[in-house]
Amino acid sequence: MEGENWQLSNPILGLGVVLATFIMFYIVGYISNRKSTSAKQLYVGDGNVGPVVNGLAMASTYMSLATFLGITALILKLQVPFILLWIQLILAIPLITIIYGTSLRRMGAFSPTHFVRERYGVKASIIAALFMVLVSIMYALGQMIGIAITFETLFGIPYLTGLIVGGLIIVGYITVGGMAGATNNAAIQMVIMALMFIVPLGAIMKAVGGTGWYFPPLLYADMVPAMLEALPTFFDYQFGPKWYFSLLALTIGSLGLPHLAMRIYTASSLKSARSAMVYFAFILGLVFSATYAMGFVGVFATSTQGLEISPADADKLTIILNLVYNPEWVTALVIAGAISAGLSTLGGNLLAVGALLSQDIVATLKPNISQKASLKIGYISIFIGGIISIILAIEPPAFLVVSILWAFGLAGVTNAPLIIVGVWWKEANKYGAIVSSVVGGALYIIVSPFVFPSIVVTGHAVTDGMGLSGGMLAVPVSFILLIVVSYITNRMPSLAGKLTKEEDIKLIERIHGWKDIQSYRYNSTLGASLTVVVCLGIFIWALMPWNM
């Protein structure tokens with residue numbers, strides 16, 4: 001069962017499914033966004049989304065097309081270590097709510113970058129916004145690659161043609177829909193994703209002999225004995241403790257991803273945002289568990305069923321399993337689910353780009369700009385961001401999820417430290433924030449194999465490509481610089497007049513819900529010192545040989 005050109009034999013079937021889903025999404029997007037006359041309505045749906053819809057939309061935005069394609073490909077490549085990596089990333093949105101989501105909402109912030117502007121000033125916020133534009137585009141890149149792959153499979157067209165056609169259609173849909181359209185569509189897309197992933201997976205499991213096929217997310221465990229007999233190394237950790245510790249860099253990065261944090265601000269209230277976490281955790285756990293099952297079954301099929309998948313087709317694993325074990329009409333529906341996943345996350349990515357450029361950069365530099373002009377710039381930015389992601393996808397990395405994980409790391413280096421320290425430590429100031437973002441971000445980019453292939457930390461392609469090694473090296477540097485530079489500059493008399501320490505103290509007290517001001521709150525020198533010592537130890541450990 002080897003196939004070099006995995007595709008539907010009946011393109012008309014695929015065309016019908018894609019047209020039906022796109023028509024529905026365009027209609028929902030247009031109806032949802034036809035009254036958007038302000039930036040708040042465009043980017044956060046007027047902050048009036050209920051917990052069920054928002055919880056589904058959070059899960060849909062987080063899932064991404066990587067859930068259908070990229071994750072299973074790297075499970076095929078790395079087996080259980082990659083499952084452990086992705087499980088850790090599930091913590092992202094709940095941690096956003098716990099660590100700073102509530103605080104930022106009290107500010108009425110559109111995005112994490114808005115917080116950076118209020119906390120550290122205009123220069124720091126523009127630097128953070130520029131980095132976040134790169135993060136969002138790199139995240140969108142993975143979705144564009146996946147869209148091209150699905151169109152290639154649907155219609156038997158070349159990758160490049162699928163990229164251009166599919167990419168332009170989707171960018172148009174997102175530009176038309178805004179956040180209200182993206183949120184309502186994302187909720188619908190989450191339901192489609194869950195059904196189109198889990199139900200066909202049950203049929204695949206039954207075909208390969210799994211007795212727990214009726215509930216794939218958990219009962220694929222009945223296949224473990226057969227897997228251990230066929231491939232005893234599947235559950236081996238493969239890598240040393242440092243590799244698994246480095247996963248924390250990507251989890252921290254999740255806290256700084258703007259398209260995830262924006263979901264907190266679409267909620268109608270803080271209570272609604274917290275309630276949405278319950279729905280988010282349930283549906284995300286259900287579908288992610290099914291994703292691990294799909295990767296498990298893919299490895300099982302290639303080990304025991306004679307299925308051969310070339311490295312170039314690894315990202316198509318989910319589609320290939322359906323082509324082999326299910327009728328074509330089922331595969332067409334699975335591809336519709338994959339496209340839904342790509343639409344949802346691309347919507348979040350490109351809306352984040354629009355918000356960053358129009359609200360966090362242009363409106364910051366020109367505060368008197370009209371609502372009409374701001375909206376126009378937002379729509380143009382969304383469209384241009386989509387075009388850039390299409391161009392970058394012309395020469396994609398080996399695995400589509402690699403660019404997504406690298407984006408997690410860059411966010412963890414440039415944005416997350418500013419937010420975490422800024423919310424919980426009053427001494428943090430604009431000088432520390434600027435140095436932290438610029439130096440940490442530059443270090444992360446320099447050791448990335450995407451920019452300077454000869455300057456890498458481990459030399460292990462997947463580890464460096466996913467940003468694990470770069471994140472473990474650069475994230476502690478960002479925290480150290482933010483704390484140390486802030487501490488020193490706060491005690492330099494020549495800079496006292498350029499700092500806004502009184503306003504910063506009042507801001508921190510307010511966003512934590514205090515009505516009075518007490519100097520001892522969020523002002524621990526001991527806590528800051530311990531953070532620096534721990535981060536320095538991690539940095540030194542990252543520089544030592546990884547022995548991959």
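Residues numbered from 1 in each chain as written. Predicted model: local features only at pLDDT ≥ 70, side-chain atom pairs only at ≥ 80, totals over all residues. Heavy atoms only, no water.

A. Fine view of a nonpolar patch on the surface. A surface patch of nonpolar side chains, about 830 Å² in accessible area, is lined by L160, I164, L168, I380, F383, I384, I388, I391, L392 and I394. Taken together, the elements giving at least two residues each to the nonpolar patch come down to α9 (159-207) and α18 (371-392). A per-element tally of the nonpolar patch places α18 first, with six residues. By secondary structure assignment, the location of I394 is in the loop between α18 and α19 (400-414). (Patch = residues over 30% accessible without salt bridge, like charges linked within 9 Å, V, L, I, M, F, W, Y side chains within 5 Å. Areas by Shrake-Rupley, 256 points an atom, 1.4 Å probe, with all protein chains shown as cover. Salt bridge = Lys/Arg side-chain N within 4 Å of Asp/Glu carboxyl O. Helix = DSSP H or I, 4+ residues; strand = E, 2+ residues; numbered from the N terminus.)

B. Structural context of the pattern of salt bridges. Applying the stated rule across the entire model yields seven salt bridges. Among the ionic pairs, D504 bridges to R119, the shortest N-O distance being 3.5 Å. Note that D504 is positioned in helix α24 (residues 501-511) and R119 in helix α7 (residues 112-120), a separation of 385 residues in sequence. Of the two residues, D504 and R119, both sit in the buried class. Bridged by salt links that share partners, the residues K426, E509, D516 and R521 form one connected network. (Buried < 20%, exposed > 50% of the residue type's maximum accessible area, 1.4 Å probe, protein only.)

C. Helix α4 (residues 70-78), seen in detail. For α4, a buried count of seven out of nine residues is recorded, marking the element as mostly surrounded by other parts of the structure. Taken as a whole, α4 has its buried residues at G70, I71, T72, A73, L74, I75 and L78. Downstream of α4 by one or two residues, Q79 has phi in the positive range, about 65°.

D. Structural view of the confidence of the model for the chain. Across the chain, pLDDT averages 82, with 86% of residues at or above 70. Between residues 36-47, whose pLDDT stays under 50, and residues either more than four places distant or in other chains, the model counts 48 contacts. (pLDDT = per-residue confidence, 0-100. Contact = heavy atoms within 4.5 Å.)

E. Focus on the packing of aromatic side chains. For the structure shown, the criterion picks out 16 aromatic pairs. Look at W243 and Y244: their rings are 5.0 Å apart centre to centre, the planes differ by 75°, and that puts the pair in the edge-to-face class. The burial state of W243 is the same as that of Y244; both residues are buried. Here the aromatic cluster, defined as three or more aromatic residues joined through ring pairs, consists of F82, W86, F288 and Y292. Against the face of Y487 rests R491, its NZ or CZ located 3.6 Å from the ring centre. Above the ring of W514, the side-chain terminus of R521 is found at 3.6 Å from the ring centroid. (Phe/Tyr/Trp six-rings, centres within 6.5 Å; stacked < 30°, edge-to-face > 60°. Lys NZ or Arg CZ within 6 Å of the ring centre and 35° of its normal.)

F. Expanded view of the side chain of T414. Along the chain, the position of T414 falls in helix α19. Classification of T414 as buried rests on a relative accessible area of 0%. In this structure the side chain of T414 is engaged in a polar contact, spanning 2.8 Å, whose partner is the backbone oxygen of L410. (Polar contact = N/O pair within 3.5 Å; in protein donor to acceptor, adjacent residues only side chain to side chain.)

G. Focus on unusual backbone geometry. The backbone of Q238 sits at a positive phi, close to 70°, despite the residue not being glycine. In this structure, Q238 sits in the loop between α11 (224-230) and α12 (241-245). The phi dihedral of Y522 falls on the positive side, at around 55°, and the residue is not glycine. Mapping Y522 onto the fold places it in the loop between α24 and α25 (525-543).

H. Inspection of the layout of surface pockets at higher detail. Of the pockets and cavities examined, the largest pocket occupies roughly 440 Å³. Forming the boundary of the largest pocket are 24 residues, of which I420, V421, F479, T531 and C535 lie nearest the centre. Among the secondary structure elements, those contributing two or more residues to the lining of the largest pocket are α13 (247-255), α20 (416-424), α23 (468-489) and α25. Among the residues making up the lining of the largest pocket, the classes are represented as 18 nonpolar, six polar and no charged. (1 Å grid on protein atoms, 1.4 Å probe; cavity = no way out; pocket = protein on both sides within 12 Å on 5 of 7 lines; lining within 4 Å. Points joined across faces, edges and corners; volume = space filled by probe spheres on them. Nonpolar A, V, L, I, M, F, W, Y, C, P; charged D, E, K, R; others polar.)

I. Just the side chain of S437, in detail. Structurally, the position occupied by S437 is in helix α21 (residues 430-446). A distance of 2.8 Å separates a polar side-chain atom of S437 from the backbone oxygen of T414. Once you skip the residues sitting within four places of it in the chain, S437 turns out to touch I127, F131, T414, L418 and A442.

J. Broad picture of empty space enclosed by the protein. Considering all chains together, one arrives at two cavities of 30 Å³ or more under this definition. Considering only enclosed or pocket space, the largest cavity measures out at about 40 Å³ in volume. K426, E427, A428, N429, N490, L499, K501 and D504 are the residues that line the largest cavity. Considering only residue class, the lining of the largest cavity consists of two nonpolar, two polar and four charged. Taken as a whole, the second largest cavity holds about 30 Å³ of empty space. Forming the walls of the second largest cavity are W406, Y444, V447, S448, P449, D464, G467, S469 and G470. Looking at the lining of the second largest cavity, its residues break down into four nonpolar, four polar and one charged.

K. Broad picture of the packing of α20 against α23. Their axes nearest at 9 Å, the elements α20 and α23 cross at an angle of 45°. Between α20 and α23, the angle is such that the two are oblique. α20 and α23 meet at a crossing whose hand is right-handed. Taking contact as the criterion, the partners of P417, L418, I420 and V421 in α20 are, on α23, S478, F479, L482 and I483. Partitioned by chemical class, the residues of the contact of α20 with α23 number seven nonpolar, one polar and no charged. (Axes fitted to C-alpha atoms, helices over the stretch in contact; angles between N-to-C directions. Parallel < 35°, antiparallel > 145°, perpendicular 65-115°, else oblique. Left-handed = near helix turned anticlockwise from the far one by under 90°.)

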